[in-house]
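# A look at the structure
Given next are the chains, with one letter for each unit.
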Amino acid sequence: MNPTINYQPSFPIEFVRQQFPSLAGDWTFFDNAGGSQTLKQVVDRISEYLLTSDVQLGASYGISQLAGDRVAKSAQAMATLINAKSPSEVVMGSSTTLMLRILSLCISKTWNAGDEVIVTNCDHEANIGPWVDLERQGIKIKIWRINPESLQLELEDLESLLSDKTRLVAFTHASNILGTINPIKEITQLVHSYGAKVCIDGVAYAPHRLIDVQDWDVDFYVFSFYKVYGSHYALLYGKQEHLLAIPGINHYFIGQTTIPYKFQPGNVNFELSYGMLGLCDYLSELAQHAYGEQAAPSLRSQIEQAFEAISLHEEEIGDRFLKYLTSKPNIRIIGQPQANRASRVPTISFVVKETHSETIPLHVDNYNIGIRFGDFYAKRLIESLGLDKQGGVVRVSMVHYNTTEEVDRLIQALDPVL
């Protein structure tokens with residue numbers, strides 16, 4: 001990535017917030033890891049599809065041809081967004097949880113009893129449960145446990161679990177509780193050296209940083225659009241050679257080489273797929289506002305620039321809140337206590353000494369600020385850290401449309417109970 005790297009972009013926060021109509025309301029949103037606010041550009045694209053091309057694909061008449069072209073255009077745009085080689089590597093469906101379940105059902109048909117899968121104890125359950133369930137057919141499951149002191153997934157711990165029977169390692173790119181960005185490229189290289197594949201949950205990473213599946217050389221990568229400023233929809237990337245080799249889940253007459261359709265029973269949701277073009281529209285405009293005359297000419301390069309600007313802004317607002325938390329002796333930050341855009345996203349979790357986590361959001365509700373508590377479906381992590389009896393963690397999850405003023409408002413609201 002080289003988005004005019006020596007040029008420091010000016011973050012256009014006013015432009016950004018204007019693209020999210022809900023931000024004009026009374027609420028401040030700090031529960032973004034549970035679901036971001038939706039771009040007007042996405043809504044406009046959905047409306048355009050439904051109002052002018054809401055027909056079945058594949059017919060000879062003109063509107064059907066237009067509808068097909070629009071859905072194909074959306075697949076190409078998503079391939080550009082993640083830097084896939086081809087739209088055929090982009091499988092879309094209703095949720096990350098469902099996409100991973102479909103993948104596990106299909107890929108496990110190529111495995112034998114005694115084959116091994118490694119999962120972590122710190123992922124969202126969506127990338128654990130489908131693999132653990134394969135124990136019923138004789139697949140051996142190993143657990144890559146987070147280091148309880150460093151709260152990191154250690155490479156040496158993974159290597160001790162790998163063997164010539166390992167078929168897949170499933171792990172998270174960024175923890176939806178810790179905010180930690182795992183070294184995806186290093187992990188993938190290690191796993192590949194044992195002849196195994198990786199399946200990565202990018203849900204908590206995708207709203208914050210650039211995705212580059214080719215550079216990372218990952219086998220499977222999945223994330224949810226409704227956490228990346230779009231609708232309740234999801235994307236699964238798979239290397240073309242893998243998708244071709246894995247049996248599908250669609251009708252028997254859908255050919256083995258028909259990718260991605262063989263993994264999309266009932267087909268994609270046409271309007272939601274087309275709607276995600278609005279995300280690319282937005283990232284392109286964001287790059288142009290942030291970089292001005294230095295804005296890149298191609299969509300992919302503009303996406304790179306947009307996420308560079310996003311990461312700088314998020315580091316600033318994350319730093320503001322983390323410094324506040326570290327000033328409180330009765331607060332324990334669950335994750336890295338410093339803001340560093342290379343190693344964490346601004347999903348910030350904490351617990352308060354001798355306080356049930358539920359009480360904190362209930363207090364903040366009164367200020368029209370949305371935060372949350374709980375295990376966030378990373379139940380195994382919360383239990384392994386002994387935080388389940390405390391109600392899990394309090395989580396403040398920021399994205400780039402949040403402002404320093406909103407962070408200060410949150411701090412003011414929290415201060416009486418911390």
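Residues numbered from 1 in each chain as written. Predicted model: local features only at pLDDT ≥ 70, side-chain atom pairs only at ≥ 80, totals over all residues. Heavy atoms only, no water.

### Observations concerning the pattern of salt bridges
So the rule is basically this: Within this document, salt bridges are pairs made up of a side-chain nitrogen of Lys or Arg and a carboxyl oxygen of Asp or Glu, the two lying within 4 Å of each other. The numbering of helices and of strands both runs from the N terminus, where a helix is a DSSP run of H or I of at least 4 residues and a strand a run of E of at least 2. Relative accessible area decides the class of each residue, using a 1.4 Å probe on protein chains only: under 20% of the type maximum gives buried, over 50% gives exposed, and in between gives partly exposed.
By the definition in use, this model includes 22 salt bridges. Between Arg70 and Glu48 there is a salt bridge whose closest N-O contact spans 3.2 Å. Residue Arg70 is located in helix 3 (residues 62-82), and its partner Glu48 is located in helix 2 (residues 40-52); the two are separated by 22 residues in the primary sequence. Judged by its relative accessible area of 11%, Arg70 falls in the buried class.

### A word on the UniProt feature "domain: Aminotransferase class V" (unreviewed entry) in the chain
Rules: UniProt positions are given in the numbering used here, feature names are shortened, and annotations may be inferred rather than shown by experiment.
In the numbering used here, UniProt assigns the feature "domain: Aminotransferase class V" (unreviewed entry) to residues 29-410. Strand forms 15% of residues 29-410 and helix 38%; the C-alpha atoms that close the span are 10 Å apart.

### Some words on the environment of Ser384
Rule in force here: Think of a polar contact as two N or O atoms within 3.5 Å of one another; within protein, one of them needs to be a possible hydrogen donor and the other a possible acceptor, and neighboring residues in sequence only count if both atoms come from side chains.
Counting through the fold element by element, Ser384 comes out in helix 14 (residues 379-384). Residue classification places Ser384 among the partly exposed residues on the basis of a relative accessible area of 40%. Taking the C-alpha atoms as reference points, Ser384 and Val55, 329 residues apart in sequence, are found 50 Å from one another. Polar side-chain contacts of Ser384 include one of 2.8 Å to the backbone oxygen of Leu381.

### Observations concerning the domain arrangement of the chain
It is common to report an interface's size as the accessible area lost on association of the parts. For clarity, the threshold we go by: Boundaries between domains were set according to an automatic or database domain assignment. The contact rule is simple, with two residues in contact once any of their heavy atoms fall within 4.5 Å. A quick way to say it: buried area is the sum, across both parts, of accessible area lost when two parts are put together, with a 1.4 Å probe.
Split by domain assignment, the chain resolves into domain 1 (13-37 + 299-415) and domain 2 (43-278). The C-alpha-based centres of domain 1 and domain 2 are spaced at 25 Å. Listed by partner, the interface residues are 40 residues for domain 1 and 33 residues for domain 2. For the pairing of domain 1 and domain 2, the buried interface totals around 3000 Å² over both sides, and the portion due to carbon and sulfur atoms is 58%. Of all residues in domain 1, the largest losses of buried area upon contact with domain 2 belong to Arg300, Phe307 and Arg380, amounting jointly to 23% of the total for that side. The interface formed by domain 1 and domain 2 holds three salt bridges in total.

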